[in-house]
Amino acid sequence: MKMELIQPFINAADAVLAQNLGSSLSIGNVSMEEEAYRRKGVAAMVRLTGDIEGRVIFDLDTETAVRIARRFAGAELPESDDLVRETVFELANQVIGNAVTTLNDQGFHFRVHPPALHVSEHGAKSSEDTEVLVMCFETSSGNVFMNIAMQYSVQSKGLAAGGRG
Amino acid sequence: MEQFATMRRSKDGQPIRYLVVDDSVFARKNLARMIETFGGQLAGEAGDGAAAITEYDRTNPDIVLMDITMPQMEGIEAAERIVQKHPEARVVMVSSVGYQENIVAALQRGARHFVQKPVKPEVLYEVIKYVMGEDGCVANAAAVGAPGGAGEAK
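Residues numbered from 1 in each chain as written. Chains lettered and ligands numbered in written order. Predicted model: local features only at pLDDT ≥ 70, side-chain atom pairs only at ≥ 80, totals over all residues.

If you tally the helices and strands in chain B, you get five helices and seven strands. Beginning at the N terminus, the succession of helices and strands in chain B can be written as β-β-α-β-α-β-α-β-α-β-α-β. Looking at chain B residue by residue over its 154 residues, the buried ones come to 45%. A fraction of 62% describes how many contacts in chain B between residues 6 or more apart in sequence connect residues 24 or more apart. (Helix = DSSP H or I, 4+ residues; strand = E, 2+ residues; numbered from the N terminus. Buried ≥ 20, exposed ≤ 12 C-beta atoms within 10 Å, placed from the backbone. Contact = placed C-beta atoms within 7 Å.)

What follows is about the overall build of chain A. When its secondary structure is counted, chain A shows four helices and seven strands. Overall, chain A shows an N-to-C arrangement of helices and strands of α-β-β-β-α-α-β-β-β-β-α. Within chain A, buried positions represent 41% of all 165 residues. Excluding contacts between residues fewer than 6 apart, the proportion of contacts in chain A whose partners are at least 24 apart in sequence is 71%.

This brings us to the nonpolar core. Ranked by size, the top nonpolar core spans 83 residues in total, and within it Phe 58 and Val 88 of chain A together with Val 64, Leu 65 and Met 66 of chain B carry the most contacts. Of all the elements, helix α3 (residues 81-105) of chain A adds the most residues to this core, at ten residues. (Core = buried A, V, L, I, M, F, W, Y, C linked by C-beta atoms within 7 Å.)

A separate point is the interface of chain A and chain B. The figure often quoted for interface size is the accessible area lost as the parts come together. With 18 residues of chain A at the contact, the number on the chain B side is 16 residues. Of all the secondary-structure elements, those providing two or more residues to the side of chain A that touches chain B are α1 (3-21), α2 (62-73) and α3 of chain A. At twelve residues, the largest contribution of residues to the side of chain A that touches chain B is made by α3 of chain A. The residue inventory of the side of chain A that touches chain B, partitioned by class, reads five nonpolar, ten polar and three charged. (Nonpolar A, V, L, I, M, F, W, Y, C, P; charged D, E, K, R; others polar.)

Before going further, it helps to examine the pairing of strand β7 (residues 142-152) of chain A. Residue and element names in this part refer to chain A. Taking burial as the measure, the eleven residues of β7 include eight buried ones, the bulk of the element. With eight bridges connecting them, strand β3 (residues 52-60) and β7 associate as antiparallel partners. In the strand pairing of β7, Asp 59 is matched with Phe 145. (Pairing = 2+ DSSP bridges.)

Now for the environment of Asn 98 of chain A. The topology assignment puts Asn 98 of chain A in helix α3. Asn 98 of chain A sits in the buried class, given 25 other C-beta atoms within 10 Å. As a C-alpha pair, Asn 98 of chain A and Asn 11 of chain A span 87 residues in sequence and 8.8 Å in three-dimensional space. Leaving out residues up to four positions away in the same chain, Asn 98 of chain A has contacts with Ala 12, Ala 15 and Val 16 of chain A together with Ser 96 of chain B.

Residue and element names in this part refer to chain B. The sheet contact formed by strand β5 (residues 91-95) and strand β6 (residues 113-116) spans four bridges and is parallel. Each bridged residue has a counterpart across the sheet, and for Met 93 the counterpart in β6 is Phe 114. Handedness of the β5-helix α4 (residues 100-108)-β6 crossover: right-handed. (Right-handed = clockwise from strand over helix to strand, strands pointing away.)

Now for the environment of Tyr 125 of chain B. Residue and element names in this part refer to chain B. When you line up the elements, Tyr 125 lands in helix α5 (residues 121-132). Separated by 67 residues in the primary sequence, Tyr 125 and Arg 58 place their C-alpha atoms 25 Å from one another. Those residues in contact with Tyr 125, other than ones at most four positions away along the chain, are Phe 4 and Phe 38.

The next subject is the sheet that holds β6 of chain B. All names here are of chain B. Read across the open sheet, the five strands follow the order β3-β2-β4-β5-β6; overall the sheet is parallel. Sheet topology places β3 (41-46) and β6 at the edges, where each strand pairs with a single neighbour. With strand direction ignored, the average angle separating the axes of adjacent strands in the sheet is 20°. The pairing of strand β4 (residues 63-66) with β5 spans three bridges and is classified as parallel. Among the inter-strand pairings, Leu 65 is bridged to a residue of β5, identified as Val 92. (Axes fitted to C-alpha atoms, helices over the stretch in contact; angles between N-to-C directions.)

Residue and element names in this part refer to chain B. Relative to each other, helix α2 (residues 49-59) and helix α3 (residues 75-85) sit at 25°, their axes nearing to 8 Å. Judged by the inter-axis angle, α2 sits roughly parallel to α3. Seen from above, α2 lies across α3 with right-handed handedness. Facing Gly 49, Ala 52, Ile 53 and Tyr 56 of α2, the residues of α3 in contact are Gly 75, Glu 77, Ala 78, Arg 81 and Ile 82. Broken down by class, the residue content of the contact of α2 with α3 amounts to five nonpolar, two polar and two charged. (Parallel < 35°, antiparallel > 145°, perpendicular 65-115°, else oblique. Left-handed = near helix turned anticlockwise from the far one by under 90°.)

A few words now on α1 of chain A. Residues and elements named next belong to chain A. Across its 19 residues, α1 extends 26 Å between first and last C-alpha, which sits within 8% of the 27 Å expected from 1.5 Å per residue. Within α1, the full set of buried residues consists of Leu 5, Ile 6, Pro 8, Phe 9, Ala 12, Ala 13, Val 16, Leu 17 and Asn 20. The buried residues of α1 occupy one face: seen down the axis, they fall within an arc of 150°. (Expected span 1.5 Å × (residues − 1). Arc of directions from axis to C-beta.)

As a further point, take the confidence of the model for chain B. All names here are of chain B. For chain B, the average pLDDT comes to 89, and 90% of its residues sit at 70 or higher. Here residues 141-154 is a poorly scored stretch, pLDDT under 50, and it has 20 contacts once near neighbours within four places are set aside; other chains count. Both confidence scores are given for the complex: pTM 0.81, ipTM 0.72. (pLDDT = per-residue confidence, 0-100.)

Shown next, in the form of structure tokens:
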């Protein structure tokens, strides 16, 4: 497991959720996915390409998304598909933006693609080169799942081995 | 949400007017709520850089809070275009992507400051105060929240 790539995402998720929800949270189940990813609720997928390649999926059920949305907005909001999608996207954007900031300052350069709604029930199965880590953040508003598959790109492998970052 | 000492325009004592630019409705709502706690006024909203330019021309705000990663036209390019046309424009970039290259690019192209998401109200408040400089003033503590006081919006 390449923790140096994954840790910034964990730290960012921890900070973003705590700041937005105004309460502490804990990390529940952490597992390496051996089977294909199974979506748990509404999921946003963000792809990264460049020195590091992979994708991060944020996944939460509708009730959790609505509760988080209300915390984000500080107001009662009517439940809708748009609201749920917007919540998951904003969460993904903030977490990934913060993680990317850390990795970029360590010398890694890559492009973050706009989030896309992950609609299929299953995601790609992990391969030899791709580590898939699934984490559950237990918050006061419900569980938020983060699924990370990340690897060094072919071009950057030599640099990474040379002690980059 | 915490209430802050009201910030006003020095020239006429009116609320500072903000243009909020972000493709996320959420982020816009969140910023609008913070602006309210600063005693500011939402002059307009835009969901991408191109719309931000149009909205700036229409509303002539005191401050623009601009996201970076947006569809159509990104925030740094929109900031540059606004500042080229309105050199007095005060654009503050608000983004979750806060690495040094991004910040430097934004500042070189006309932005006055940078705030990283998730936005902490106290940080944004201090940045607004700094960016407004002598063109902004903070109501004294005694007036804050006092109906009819100097810090109370009429």
